[in-house]
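Architecture at a glance
So you can see what is in the structure, the chains are spelled out below.
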Amino acid sequence: MTPLHDRFARIRTFIFDVDGVLTDGSVNALASGEQFRTFNIRDGYGIEQAIKAGFTVAIVSAGNQDGVRKRLEFLKIKNSNVFMGGPTDQKVNAYLGFLTRDSLNESEVLYMGDDLPDYQILARPALLSTCPADAADEIQALCEYISPKAGGRGAVRDVIEQVMKAQGKWAEWLK
């Protein structure tokens, strides 16, 4: 086994950014003022499987759109694990507050971010830092694992699969 495989095998909690991770980072602005995002169905399926397998899934995002919240609710991510709407430079505070509130062991946490607002979190040495293939250069330089998939194009599903396969939990229904 590789050291990265060993890291995947220890993960109990997934934390994801939204824009550029669960979405491709595009924002479609309507005349009504609504700004909608597009999510990847395979990423959603991966999240559903992770939750069914007993993993904790959380969101830390500066954005705060109702449509995004409804998508996260549909995916069965607990509302208490959704941290949205804070200033971009305060994301690390939401992250640390979540760790403290739930007494999480940071070495069992995988975080996926894609841009500079995620830097302070991804720079923490205990967590497993990951990013999509199209993340900012500074973020890629920090991360232990760079998904071959782009944000909003399967990067979330990829890291969930990597973890669940390392733990023998992926596609158990196929056995």
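The structure reproduced in this document is the subject of the present report. (Residues numbered from 1 in each chain as written. Predicted model: local features only at pLDDT ≥ 70, side-chain atom pairs only at ≥ 80, totals over all residues. Heavy atoms only, no water.)

1. Re the nonpolar core
For clarity, the cut-off: As used in this record, nonpolar core signifies buried Ala, Val, Leu, Ile, Met, Phe, Trp, Tyr and Cys residues forming a set joined through side-chain atoms within 4.5 Å. Summary of the burial criterion: residues with accessible area below 20% of their type's maximum are buried, those above 50% are exposed, and those between are partly exposed, where the area comes from a 1.4 Å probe applied to protein chains only. Each helix corresponds to a stretch of at least 4 residues labelled H or I by DSSP, and each strand to a stretch of at least 2 residues labelled E; elements are numbered beginning at the N terminus. Contacts between residues were defined by any pair of non-hydrogen atoms, one from each residue, lying within 4.5 Å.
Phe14, Phe16, Ile59, Leu110 and Ile160 are the most contacted members of the largest nonpolar core, which has 31 residues in total. Sorting the residues of this core by element identifies β1 (13–16), α2 (41–52), β4 (56–61), α3 (66–74), β5 (82–84), β6 (109–112) and α7 (155–166) as the ones contributing at least two each. Looking at which element gives the most residues to this core, the answer is α7, with seven residues. In this structure Leu110 touches Phe8, Ile11, Thr13, Phe14, Ile15, Phe16, Leu128, Thr130, Val159 and Val163, once residues within four positions along its chain are discounted.

2. What about the sheet that holds strand β7 (residues 128–131)?
Applied cut-off: Whether two strands pair depends on DSSP finding at least two bridges between them. Only the stretch in contact is used when fitting a helix axis, every axis being a line fitted to C-alpha atoms; angles between N-to-C directions are given from 0 to 180 degrees.
With respect to topology, six strands assemble into an open sheet ordered β5-β4-β1-β6-β7-β8, the strand pairing being parallel. Looking at strand neighbours, the two that pair on one side only are β5 and β8 (145–146), the edges of this open sheet. As judged from the two bridges shared by β7 and β8, these two strands associate in the parallel manner. In the strand pairing of β8, Cys131 is matched with Ile146. Docked against the sheet, helix α4 (residues 91–101) engages β1, β4, β5 and β6, running at close to 155 degrees with respect to β4. Sitting on the sheet, α7 is in contact with β1, β6, β7 and β8, with an inclination near 165 degrees to β1.

3. Remarks on the packing of aromatic side chains
Going by this rule: Aromatic pairs are defined between Phe, Tyr and Trp rings, using the six-membered ring for Trp, whenever the two ring centres lie within 6.5 Å; interplanar angles under 30 degrees are classed as stacked, those over 60 as edge-to-face, and all others as tilted.
Scanning the entire structure with this criterion turns up five aromatic pairs. Look at Phe14 and Phe16: their rings are 5.9 Å apart centre to centre, the planes differ by 10 degrees, and that puts the pair in the stacked class. Neither residue differs from the other here; Phe14 and Phe16 are each classed as buried. Site record: aromatic cluster; members linked through ring pairs are Phe14, Phe16 and Phe55.

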